[in-house]
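# Overview (structure and organization)
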Amino acid sequence: MDNQTEVRKFILLGLTSLQGLQKFLFMLFLLLYLSTLLGNMAIMIVVACEPRLHTPMYFFLYNLSCLDIFFSTVTMPKMLAGLLSGHQGISYTGCLSQLHFFYFLGSSEDMLLAVMAYDRFVAICNPLRYTLIMRPQACLQLAVGTWTAGFLHALMHTVMTSRLHFCGPNHIQHYFCEIKPLVKLACNSSQLNLNLLSIITGSIVIGPFVFTLFSYLYIFSFLRLKVQSKEGRKKAFSTCISHLTVVALFYVPVIFNYVPPSSGNSPSWTMIATLMYNVVTPVLNPLIYTLRNVEVKRALKRRLFSRE
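Residues numbered from 1 in each chain as written. Predicted model: local features only at pLDDT ≥ 70, side-chain atom pairs only at ≥ 80, totals over all residues. Heavy atoms only, no water.

## Observations concerning the overall build of the protein chain
Assigned secondary structure in the protein chain consists of 10 helices and 3 strands. Overall, the C-alpha framework of the protein chain stretches about 75 × 45 × 30 Å when taken along its three principal axes. Burial statistics for the protein chain: of 308 residues in total, 50% are counted as buried. With the model as given, the accessible surface of the protein chain reaches about 15,400 Å², and the carbon-plus-sulfur share is 67%. One way to put it: in the protein chain the 24 positive side-chain charges average out to a point 9 Å from where the 11 negative ones average out. (Helix = DSSP H or I, 4+ residues; strand = E, 2+ residues; numbered from the N terminus. Buried < 20%, exposed > 50% of the residue type's maximum accessible area, 1.4 Å probe, protein only. Areas by Shrake-Rupley, 256 points an atom, 1.4 Å probe, with all protein chains shown as cover. Lys, Arg positive; Asp, Glu negative; His and termini not counted. Charge placed at Lys NZ, Arg CZ, Asp CG, Glu CD.)

Structure representation (structure tokens):
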């Protein structure tokens, strides 16, 4: 290693090298990014300003919108710049920073969705104790816990990646500094990094997903057996279906990326799966919760069209 030059800059190859397609993708992803910002900011403002929405469910929705904004911002501006200029350079420090915040925010959202499922479970299956179990201090602790666990998970990957030596090729076959294509460029062994990605990250993905799945199986069986009112079932199903749609859009591509062996997926399919939960899902989340949630729609109308 003493006679080899250390790489201090990487080249992100991006989504495509076709110039005509790059211009189209730039306009498409710019529109998606602006929609993400506007949609999630609208949710955050409405939840913060509307007293009727100061409940645990909307507190966690506020956190989800905040995570979606940051999660997209980690990768989208750099990707848009790359689509305008062709291949995009990024420094070694910038690459590690992007990697860290991507895994920090992504794993925090992954765990927050499980917390939101737990909130629905308590609200529907144990409504008499809901205010006691989901008191403000407990909600704050759950939110802080998801952000902290996500930060520590990302810190592990950042530290382990920083221990690798890069002395040869510097072209990353992705639109941002993702671990799998990055560690392939290392001159020393990266097997430990890939094992951590498969075991730790895979567990962080599968654990909350299984918890969410079983929570909703119990909720649906509870509604079928214990709730006689059709109106009560309809209202409970409405909030559950919105959350389940978000869960499916986020977890399915994440599982595709991280649960199989880390080197098992082709770069093109990996990028498509990443785009789904990094770009598409943050755009759709505000629409899903707004279109299917009567309280949010009413609050938006009051804030946007009220004469006061």
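## Focus: the environment of Thr-239
Here Thr-239 shows up in helix H8 (residues 230–258). Separated by 50 residues in sequence, Thr-239 and Tyr-289 place their C-alpha atoms 8.3 Å apart. With sequence-adjacent residues up to four places away left out, Thr-239 is seen in contact with Met-57 and Arg-120. (Contact = heavy atoms within 4.5 Å.)

## Observations regarding the state of the cysteines
In total, this model carries 2 disulfides according to the counting rule given. A disulfide bridge connects Cys-95 with Cys-177, and the sulfur atoms are separated by 2.0 Å. Taking the sign of the S-S torsion, -120° for the link of Cys-95 and Cys-177, the bridge is left-handed. Of this pair, Cys-95 sits in helix H3 (residues 92–125) while Cys-177 sits in the loop between strand E3 (171–172) and helix H6 (179–183); the two residues are 82 residues apart in sequence, bridging distant segments of the chain. Side by side, Cys-95 and Cys-177 carry an identical accessibility label, which is buried. The side chain of Cys-167 participates in a disulfide bridge whose partner is Cys-187; the two sulfur atoms lie 1.8 Å from each other. (Disulfide = S-S within 2.5 Å.)

## Overview of the packing of H3 against helix H7 (residues 191–226)
Close contact between H3 and H7 brings their axes to 9 Å; oriented N to C, the two are set at 20°. The orientation of H3 with respect to H7, classified from their angle, is roughly parallel. For the pair H3 and H7, the crossing hand works out as left-handed. For the pair H3 and H7, contact is made by Tyr-103, Ser-107, Asp-110, Met-111, Leu-113, Ala-114, Ala-117, Tyr-118, Arg-120, Phe-121, Ile-124 and Cys-125 and by Leu-197, Ile-204, Val-205, Pro-208, Phe-211, Thr-212, Ser-215, Tyr-216, Tyr-218, Ile-219, Phe-222 and Leu-223, respectively. When grouped by side-chain class, the residues that make up the contact of H3 with H7 number 19 nonpolar, 3 polar and 2 charged. (Axes fitted to C-alpha atoms, helices over the stretch in contact; angles between N-to-C directions. Parallel < 35°, antiparallel > 145°, perpendicular 65-115°, else oblique. Left-handed = near helix turned anticlockwise from the far one by under 90°. Nonpolar A, V, L, I, M, F, W, Y, C, P; charged D, E, K, R; others polar.)

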